[in-house]
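Observations on chain architecture
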Protein chains: 2
Amino acid sequence: MLPQPTVEQALAAFTLPEKLGFGRISAPVMFSATYEKGEWSEGRLIPFGPIELMPNARSIQFAESVFEGMKAYRVPPARPHLFRPLDNAGRFARSATRVGMPAVPESLFLAGLDAVASACADFIPTRSGSSLYLRPTLFSTEGGYDVVNSGAFRFLVLASPSEPYSSGPMRVRIERDDVRAARGGVGAAKTGGNYAAAMRATTRAVADGCTVSLWLDPQQRQTIEELSGMNIFAVIDGEIHTPVLSDSILPGITRDSVLRLAAHSGYRTVERPMPIAELLADIAANRCSELFASGTAAIINPIESLLDADGRQHRPGASAVALRLRQSLLDIQEGRAQDPFGWIHRL
Amino acid sequence: MLPQPTVEQALAAFTLPEKLGFGRISAPVMFSATYEKGEWSEGRLIPFGPIELMPNARSIQFAESVFEGMKAYRVPPARPHLFRPLDNAGRFARSATRVGMPAVPESLFLAGLDAVASACADFIPTRSGSSLYLRPTLFSTEGGYDVVNSGAFRFLVLASPSEPYSSGPMRVRIERDDVRAARGGVGAAKTGGNYAAAMRATTRAVADGCTVSLWLDPQQRQTIEELSGMNIFAVIDGEIHTPVLSDSILPGITRDSVLRLAAHSGYRTVERPMPIAELLADIAANRCSELFASGTAAIINPIESLLDADGRQHRPGASAVALRLRQSLLDIQEGRAQDPFGWIHRL
Ligand SMILES: Cc1ncc(COP(=O)(O)O)c(C=O)c1O
Ligand SMILES: Cc1ncc(COP(=O)(O)O)c(C=O)c1O
């Protein structure tokens, strides 16, 4: 055993830094439960710190791990609240099932979120756009080199007081070579392998002055799918278009919120296969006035340019719809506006 | 720091069990090196045991990890030797590069293998087919939730005195639904995500009385690719056929050895796209007389049946070619036969 502080000591020793960034500051505590012989332990708060893991664990060897990303908000004097946590619970369970892992029961998932968000209530930044990023993670702790599922797992809820992921409009690089996820594969699951597959492309994007890659479909590389950690939208002839879901696209909860908010605000929304060639033509013809990204981390963020492999930049120019939707979403998430959708979950 | 035995104590306390299985018994020591600020540490032997890892490390969160699988053999009174380790070193480096990680230098890779195999020399089982399975593993130790590569890594060489992976002919289930790896994806890299993607299919295979899945191509699901941890061969009209490599197939070192050994033994070898429908027809027509799998763990192993999703069993019947090639390969690996290919690497 490691000499560790108690939960109380860890909480008492923590002060919220001035500069947060996204995911850089770890909250002083985390929730931990274990799965063995078909049963979940109760779970409890422990100080955040290194964990012990066998080096032959299938989480490291075979990427037997899934995760979620969500946020707790604080609007003093109220207790913290969560945004659509049951949707995250459901996706977490579906991700686990896709890679053959046991699903974390919804009650345990919520207990973990509640424990962490409540203990960290004082550290949840209240500035608009900031929040406590919560990272439920499920991974194998059992060693073994045969390609079969493990019998022992650990469920952690990590947390990080955070600012929004990106500040300012994003530059996106169209990835024409690498593919993130196969049809029939695990792209719709939040499992580590999809992200490892995306890293070489990110490196290329960064080298070209962008921040993230736009993925094309794995079959033809002709229709757009999503960004490495965000879904994508285009405003075309005043309508809000986004790629239709498939098993190679992560079904973003923010994506769903955007579609519902936009419809609620009177926009026509369209989910359809979106050929990249057509999108670039629509930008050139000024039919596509703006592009934006959605995700828990990024919230809703304008995309200022698409860089193609041939070096050409495509700039839709506007960002008014994205910024309006972003404000509407934040107003609900941060408790300033009515919540007609039942998205807010009080702890 | 954990209270740990010294390397000498760990080695002294270890006795080789009677029953080994494959990868079940961990050798008492492992090699460990770290990468930080662009530099590799020297690396050293440490006792095998749990490691400390930050729970937000990208190895757990984003499957930023790659591995190798290879074997050390002992033929007393000689020192242990390795089989084609430079090929593993090269593939390890290519796997790392594919997911944007720094490659482990060949010299450090070999130093790790040498250190572990030499320290464990007395525990390398000498029965034919048994060996010391070596598992070089490279993974991120840096925390972070943005989809970019880490800057801090750990390189371990784990080891396990092992029997062959499978005993007796295998039953294989044709996976018609799930896809293991995309074209343009990471299937040709030995990175964890490919294995997580395969686990649900393994569970189905096991439920149907098989041990492993046969993967079809991700585009059409019409041509055969490989098994979850082995390549596949068919003997058709006396020739040895195997799927041509693509970026969704792991280029097995045993696969390459089979092709070269078979050609050396006078067989015609054919690498080509292999439609599953044609293969099943060839089995029915007795043109395909046998199927077998190749891999470091499985060596060369006959496949007795292919189970299709419609419940039909396809049984090629024979296994003479597989068993003959297996014996020739083992004779070289275990030092009983001349090594015309320069595959044996003395430590
Ligand atoms: C690949 C990918 N796409 C899209 C999203 C957006 O999903 P959500 O809106 O649920 O955060 C994420 C997660 O943040 C993601 O990892
Ligand atoms: C997916 C996959 N295919 C094939 C093989 C066979 O490769 P090798 O012969 O180098 O062991 C392996 C590894 O053992 C593998 O993991």
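Refer to the preceding data block for the structure.
Remember, predicted model here, so these are calculated numbers, not experimental data.

1. Focus on the overall build of chain A
Within chain A one finds eight helices and 19 strands. Scaling as 2.2 N^0.38, a compact globule of 347 residues should have a C-alpha radius of gyration of about 20 Å, and chain A matches this with 20 Å. Principal-axis analysis of the C-alpha atoms places the extent of chain A at approximately 65 × 50 × 35 Å. A total of 347 residues make up chain A; the buried ones form 61% of that total. A fraction of 71% describes how many contacts in chain A between residues 6 or more apart in sequence connect residues 24 or more apart. Here chain A contributes 35 positive and 36 negative side-chain charges, whose respective centroids are spaced 3 Å apart.

2. Here's the deal with the interface of chain A and chain B
Interfaces are often sized by the accessible area lost when the parts come together. Each side of the interface is counted separately: chain A has 63 residues, and chain B has 63 residues. By the criterion of area lost to chain B, the three top residues of chain A are Tyr-145, Val-147 and Met-199 of chain A, representing 14% of everything that side buries. On inspection of chain A and its partner chain B, the count reaches four salt bridges. With a closest N to O distance of 3.4 Å, Arg-98 of chain A and Asp-178 of chain B form a salt bridge. On the surface where chain A and chain B come into contact, there are 21 residue pairs in polar contact (both at pLDDT 80 or more). Where the side of chain A that touches chain B is concerned, the elements lending two or more residues are strand 4 (51-53), helix 2 (58-62), strand 5 (65-67), helix 3 (85-98), strand 8 (131-140), strand 9 (153-162) and helix 5 (192-207) of chain A. With ten residues, the single largest contributor to the side of chain A that touches chain B is helix 5 of chain A. Each residue belonging to the side of chain A that touches chain B can be placed in one class, and the counts come to 32 nonpolar, 19 polar and twelve charged. Pairing geometry for strand 4 of chain A and strand 4 (residues 51-53) of chain B, over three bridges, is antiparallel. The residue bridging Leu-53 of chain A from the neighbouring strand is Ile-51 of chain B, located in strand 4 of chain B.

3. Topic: the environment of Leu-16 of chain B
Residue and element names in this part refer to chain B. Looking at where Leu-16 falls in the secondary structure, it is placed in the loop between helix 1 (7-13) and strand 1 (29-36). Its relative accessible area of 35% is what places Leu-16 among the partly exposed residues. Sequence separation between Leu-16 and Ser-289 is 273 residues; the distance between their C-alpha atoms is 40 Å. Residue contacts for Leu-16: discarding those within four places in its chain leaves Phe-123, Pro-125 and Pro-161.

4. Concerning the site of ligand 1
All names here are of chain A. Looking at ligand 1, there are 17 residues lining it, with Lys-190, Tyr-195, Glu-226, Thr-254 and Thr-296 nearest. A distance of 2.8 Å is found between an oxygen atom of ligand 1 and a side-chain nitrogen or oxygen belonging to Arg-91. Between ligand 1 and Ile-253 there is a distance of 2.7 Å, counted from an oxygen atom to a backbone nitrogen or oxygen. Protein coverage of the free-state accessible area of ligand 1, which is 380 Å², stands at 96%. Most atoms of ligand 1, that is more than half of them, are within 2 Å of grid points of the largest pocket. Every element with two or more residues in the shell around ligand 1 is listed here: strand 12 (224-227), helix 6 (253-264) and strand 16 (288-295). The residue makeup of the shell around ligand 1, split by class, is five nonpolar, eight polar and four charged.

5. Section: the site of ligand 2
All names here are of chain B. In the vicinity of ligand 2 there are 17 residues, among which Lys-190, Tyr-195, Glu-226, Thr-254 and Thr-296 approach most closely. Taking Gly-229, its main chain carries an N or O atom lying 3.4 Å from an oxygen atom of ligand 2. Thr-254 places a side-chain nitrogen or oxygen 2.5 Å from an oxygen atom of ligand 2. Out of a free accessible area of 380 Å², ligand 2 has 96% covered by protein chains. Spatially, ligand 2 is embedded in the second largest pocket. Of all the elements in the fold, those that place two or more residues in the shell around ligand 2 are strand 12 (224-227), helix 6 (253-264) and strand 16 (288-295).

6. Overview of the packing of helix 6 of chain A against helix 8 (residues 320-333) of chain A
Pairs of packed helices are described in terms of their axes, by the angle between the two and the distance that separates them. Residue and element names in this part refer to chain A. Where helix 6 meets helix 8, the axes come as close as 10 Å, and the angle between the chain directions of the two elements is 105 degrees. Here helix 6 is positioned roughly perpendicular relative to helix 8, judged by the angle of their axes. Residues Thr-254, Ser-257, Val-258, Leu-261 and Ala-262 of helix 6 lie in contact with helix 8, whose contacting residues are Leu-325, Ser-328, Leu-329 and Ile-332. Of the residues contributing to the contact of helix 6 with helix 8, the split by class is six nonpolar, three polar and no charged.

7. Notes on the nonpolar core
Core analysis: the largest hydrophobic core is formed by 83 residues, its most contacted members being Leu-134, Leu-138 and Phe-155 of chain A together with Leu-134, Leu-138 and Phe-155 of chain B. If near-sequence neighbours (up to four positions away) are discounted, Leu-134 of chain B is found in contact with Glu-68, Gly-69, Met-70, Lys-71, Ala-72, Leu-82, Leu-113, Val-116, Val-157, Leu-158 and Ala-159 of chain B.

8. Thoughts on helix 6 of chain B
Since the α-helix turns once every 3.6 residues, residues separated by three or four places project in the same direction. Residues and elements named next belong to chain B. Helix length check: helix 6 (twelve residues) gives 16 Å between terminal C-alpha atoms against 16 Å at 1.5 Å per residue, within 8%. For helix 6, the full list of buried residues reads Ile-253, Thr-254, Arg-255, Ser-257, Val-258, Leu-259, Leu-261 and Ala-262. Just beyond helix 6, the residue with positive phi is Gly-266, at close to 95 degrees.

9. Structural notes on the side chain of Ser-294 of chain A
All names here are of chain A. With respect to the helices, strands and loops of the structure, Ser-294 is situated in strand 16. The class of Ser-294 is buried, set by a relative accessible area of 1%. Beyond its immediate chain neighbours, meaning those up to four positions away, Ser-294 contacts Met-230, Asn-231, Phe-233, Thr-254, Arg-255, Val-258 and Ile-299.

Rules used throughout
Residues numbered from 1 in each chain as written. Chains lettered and ligands numbered in written order. Predicted model: local features only at pLDDT ≥ 70, side-chain atom pairs only at ≥ 80, totals over all residues. Heavy atoms only, no water. Helix = DSSP H or I, 4+ residues; strand = E, 2+ residues; numbered from the N terminus. Rg over C-alpha atoms; globule rule 2.2 N^0.38 Å. Buried < 20%, exposed > 50% of the residue type's maximum accessible area, 1.4 Å probe, protein only. Contact = heavy atoms within 4.5 Å. Lys, Arg positive; Asp, Glu negative; His and termini not counted. Charge placed at Lys NZ, Arg CZ, Asp CG, Glu CD. Buried area = accessible area lost by both parts, 1.4 Å probe. Salt bridge = Lys/Arg side-chain N within 4 Å of Asp/Glu carboxyl O. Polar contact = N/O pair within 3.5 Å; in protein donor to acceptor, adjacent residues only side chain to side chain. Nonpolar A, V, L, I, M, F, W, Y, C, P; charged D, E, K, R; others polar. Pairing = 2+ DSSP bridges. Near = heavy atom within 4 Å. Areas by Shrake-Rupley, 256 points an atom, 1.4 Å probe, with all protein chains shown as cover. 1 Å grid on protein atoms, 1.4 Å probe; cavity = no way out; pocket = protein on both sides within 12 Å on 5 of 7 lines; lining within 4 Å. Sits in = over half its atoms within 2 Å of the grid points. Axes fitted to C-alpha atoms, helices over the stretch in contact; angles between N-to-C directions. Parallel < 35°, antiparallel > 145°, perpendicular 65-115°, else oblique. Core = buried A, V, L, I, M, F, W, Y, C linked by side-chain atoms within 4.5 Å. Expected span 1.5 Å × (residues − 1).

None of this, on its own, says anything about what the molecule does.
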